[in-house]
Amino acid sequence: MKKLVLLCAVAAMTASVSAQTVTESKTFDNVYIGVNGGLATKATGHEWMNDLNSNAGLRIGRWFTPVFGLAVESNAYFSNKPFGTNHTFVRFLNTSLLGTVNFSNWFGRYPGEPRSFEVVGVYGLGWGHVFGNPYHEMNTAAGTVKIPSIANRNNVTSKAGLDFVFNLGNDKAWQFYVEPAVVWGLNDANGKVNGEHYATVGKSGVEYNLNRAFVQLNAGFIYKFKNSNGTHNFTVAKLYDQEEIDRLNGIINDLRNRPVQEKIVEKVVTKEVPVGKEVKVENLVFVTFAQGKSALTKEAKKALDAVNSGARVQIVGTASPEGNAALNQKLSQNRANAVAEYLKGRGVVVDEAVGKGVQGTTSNRLAIVYVK
């Protein structure tokens, strides 16, 4: 019970650590699928390099934050070693629900995209099933006797391991990992007759006992599906307080209230104005957006309603520095398109609507409308 309480506390802590570091994720964001395989051997009672048991498995999971996630994993074990044969191709099947903790992001914070190398811890409980006959025959001095085998039985399992993860590709959609782990048969019982191991699965009290465990070394590949944000990973959300928002609004209002003769020297404006054309404040409409969004607010629509039907305009969309360049470029274009569609619906002629990505080093979640 203490271990369960500790696990819940760790889960809550990891969730709170990263709760406000990334953009909002939808239900099917940050989902991945992977395959793995390797070798396992009984933890005690024999030479480690003998009686190796091969296995292969499938893992499906989801990261809820850059630190904490859940996965379902099922592995099939093909060898009977070190126990007597069960005469089946798949000897043992173990299916687990695993909690996953990215220690690299926990202690080093999520940098905006996955590191090239990360360390991930896995731990959870599972259900095991051994296939075959529940007894096997053994020749002894007293004759042939039936020995209880581990076959055709179910047990409660637990797995703990460390994944040494390498993120691959420009978009970090693929992972390769190496995982040493320990898998316990929590309610198994072990024995030996004439030097041969036997076990009774699911016939003992629940206990973390190394004599009821096997160690394994697996390697695997994981593919992370694309998210609603257009990437295969989390994106960092830089949150602003009300003071920052008020400051930005003050800058916009100041631009609107300058004398008509004063030129706008902001980089994002002057780059898009025809050479030799004087740009006046009265010819500009500024539209602001929420972080990571391209939808028009009520205030934005009210500002755009000031543009008369039949007017000709140019539109420039921008984004803030946080996030990767490709995402910001797409976001700025979406903002320009949103303004263009709204103005077209009001009879305004849109000559051009372009996204310019990040302009400058401060918050520029804007679309600027130049009324010709």
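Refer to the structure presented above.
Small disclaimer: the values here were computed from a predicted structure and weren't measured.

**Q** Is there a simple way to explain the overall build of the protein in this structure?
**A** Scanning the protein from N- to C-terminus turns up 6 helices and 16 strands. For the protein, buried positions account for 45% of its 372 residues. Pairs at least 24 residues apart make up 68% of the contacts formed inside the protein by residues separated by at least 6 positions. Roughly 19200 Å² of accessible area belongs to the protein as shown, and the carbon and sulfur atoms make up 59% of that amount.

**Q** Teacher, can you tell me more about the nonpolar core here?
**A** What tends to happen in soluble globular proteins is that the nonpolar side chains get buried as a cluster. Counting residues in each nonpolar core, the largest one holds 20 residues, and the members touching the most others are V313, I315, V339, L343 and V369. When residues of this core are traced back to their parent elements, those giving at least two are β13 (284-288), α5 (298-304), β14 (312-319), α6 (325-345) and β16 (366-371). Broken down by element, this core gets its largest block of residues, 4 residues, from α6. With residues near it in sequence (within four places) discarded, I315 still touches A336, V339, A340, L343, V350, E352, A353, V354, I368 and V369.

**Q** For this particular structure, what's the right way to read the packing of aromatic side chains?
**A** Here the distance between the centres and the angle between the planes together describe a pair of aromatic rings. Taken as a whole, this structure holds 12 aromatic pairs when the rule is applied. With a centroid separation of 6.1 Å and an interplanar angle of 15 degrees, the aromatic rings of F103 and W106 are classed as stacked. Residue F103 and its partner W106 are located together in helix α2 (residues 103-108), separated by 3 residues, close to a single helical turn. Classification of W106 as buried rests on a relative accessible area of 18%. Here the aromatic rings of W184 and Y208 are separated by 5.0 Å at their centres, their planes lie at 75 degrees, and the arrangement is edge-to-face. Of this pair, W184 sits in strand β9 (residues 174-185) while Y208 sits in the loop between β11 (196-200) and β12 (213-224); the two residues are 24 residues apart in sequence, bridging distant segments of the chain.

**Q** It is not clear to me how unusual backbone geometry should be interpreted in this structure. Could you clarify?
**A** Only a minority of non-glycine residues have a phi that is not negative, and only a minority of peptide bonds are not trans. The phi torsion at N30 lies on the positive side, around 60 degrees, for a residue other than glycine. Tracing the sequence through the fold places N30 in the loop between α1 (2-17) and β1 (31-42). Positive phi, close to 55 degrees, is recorded for K172, a residue that is not glycine. Relative to the helices and strands, K172 is located in the loop between β8 (153-168) and β9.

**Q** Mind showing me how you'd approach empty space enclosed by the protein here?
**A** Any empty space left between the atoms is revealed when a probe the size of a water molecule rolls over them. Inspection of every chain in the model, using the stated rule, returns 5 cavities of 30 Å³ or more. A volume near 260 Å³ is recorded for the second largest cavity. In terms of lining, the second largest cavity is formed by 22 residues, of which the most central are W63, N102, E118, Q175 and K224. When residues of the lining of the second largest cavity are traced back to their parent elements, those giving at least two are β2 (53-63), β4 (92-102), β5 (117-130), β8, β9 and β12. Among the elements that line the lining of the second largest cavity, the one with the most residues is β5, at 3 residues.

**Q** Teacher, can you tell me more about the pattern of salt bridges here?
**A** Counted according to the given criterion, the structure contains 9 salt bridges. Several salt bridges converge on common partners, so that one network encompasses R59, E73, K159, D163 and E179.

**Q** What is the right way to read a nonpolar patch on the surface from this model?
**A** A cluster of nonpolar side chains, I33, V35, L58, I60, F117, F166, L168, W174, F221 and F225, forms an exposed patch at the surface whose accessible area comes to about 870 Å². Among the secondary structure elements, those contributing two or more residues to the nonpolar patch are β1, β2 and β8. Tracing the sequence through the fold places F166 in strand β8. Taking relative accessible area as the criterion, F166 reaches 36% and is therefore assigned partly exposed.

**Q** What exactly am I supposed to notice about the sheet that holds β5 here?
**A** Strands belonging to one sheet form pairs held by backbone hydrogen bonds; the direction of such a pair is parallel or antiparallel. Strand order in the closed barrel made by the 8 strands is β1-β2-β3-β4-β5-β8-β9-β12, with antiparallel pairing throughout. Neighbour-to-neighbour, the strand axes of the sheet open up by a mean angle of 25 degrees, direction not taken into account. With 11 bridges joining them, β4 and β5 adopt antiparallel strand pairing. Bridge pairing in β5 links L93 to H129.

**Q** Quick question: what am I supposed to make of the sheet that holds β16 here?
**A** The sheet built from 4 strands is open, its strands ordered β13-β16-β14-β15 with mixed pairing. Only two strands of the sheet have a single neighbouring strand rather than two, namely β13 and β15 (349-358). Averaged over all neighbouring strand pairs, the angle between strand axes comes to 15 degrees, with direction disregarded. Note that β14 and β15 share 7 bridges and pair parallel. Considered in β15, the bridge of R312 is made with V349. Across the sheet, α6 touches β14, β15 and β16, and the angle it forms with β15 is around 160 degrees.

**Q** It is not clear to me how the environment of R365 should be interpreted in this structure. Could you clarify?
**A** In this fold, R365 is placed in the loop between β15 and β16. For the pair R365 and S332, spaced 33 residues apart in sequence, the C-alpha to C-alpha distance is 8.1 Å. Side chain to side chain, R365 and S320 meet in a polar contact 3.5 Å long.

Calculation criteria
Residues numbered from 1 in each chain as written. Predicted model: local features only at pLDDT ≥ 70, side-chain atom pairs only at ≥ 80, totals over all residues. Heavy atoms only, no water. Helix = DSSP H or I, 4+ residues; strand = E, 2+ residues; numbered from the N terminus. Buried < 20%, exposed > 50% of the residue type's maximum accessible area, 1.4 Å probe, protein only. Contact = heavy atoms within 4.5 Å. Areas by Shrake-Rupley, 256 points an atom, 1.4 Å probe, with all protein chains shown as cover. Core = buried A, V, L, I, M, F, W, Y, C linked by side-chain atoms within 4.5 Å. Phe/Tyr/Trp six-rings, centres within 6.5 Å; stacked < 30°, edge-to-face > 60°. 1 Å grid on protein atoms, 1.4 Å probe; cavity = no way out; pocket = protein on both sides within 12 Å on 5 of 7 lines; lining within 4 Å. Points joined across faces, edges and corners; volume = space filled by probe spheres on them. Salt bridge = Lys/Arg side-chain N within 4 Å of Asp/Glu carboxyl O. Patch = residues over 30% accessible without salt bridge, like charges linked within 9 Å, V, L, I, M, F, W, Y side chains within 5 Å. Pairing = 2+ DSSP bridges. Axes fitted to C-alpha atoms, helices over the stretch in contact; angles between N-to-C directions. Polar contact = N/O pair within 3.5 Å; in protein donor to acceptor, adjacent residues only side chain to side chain.

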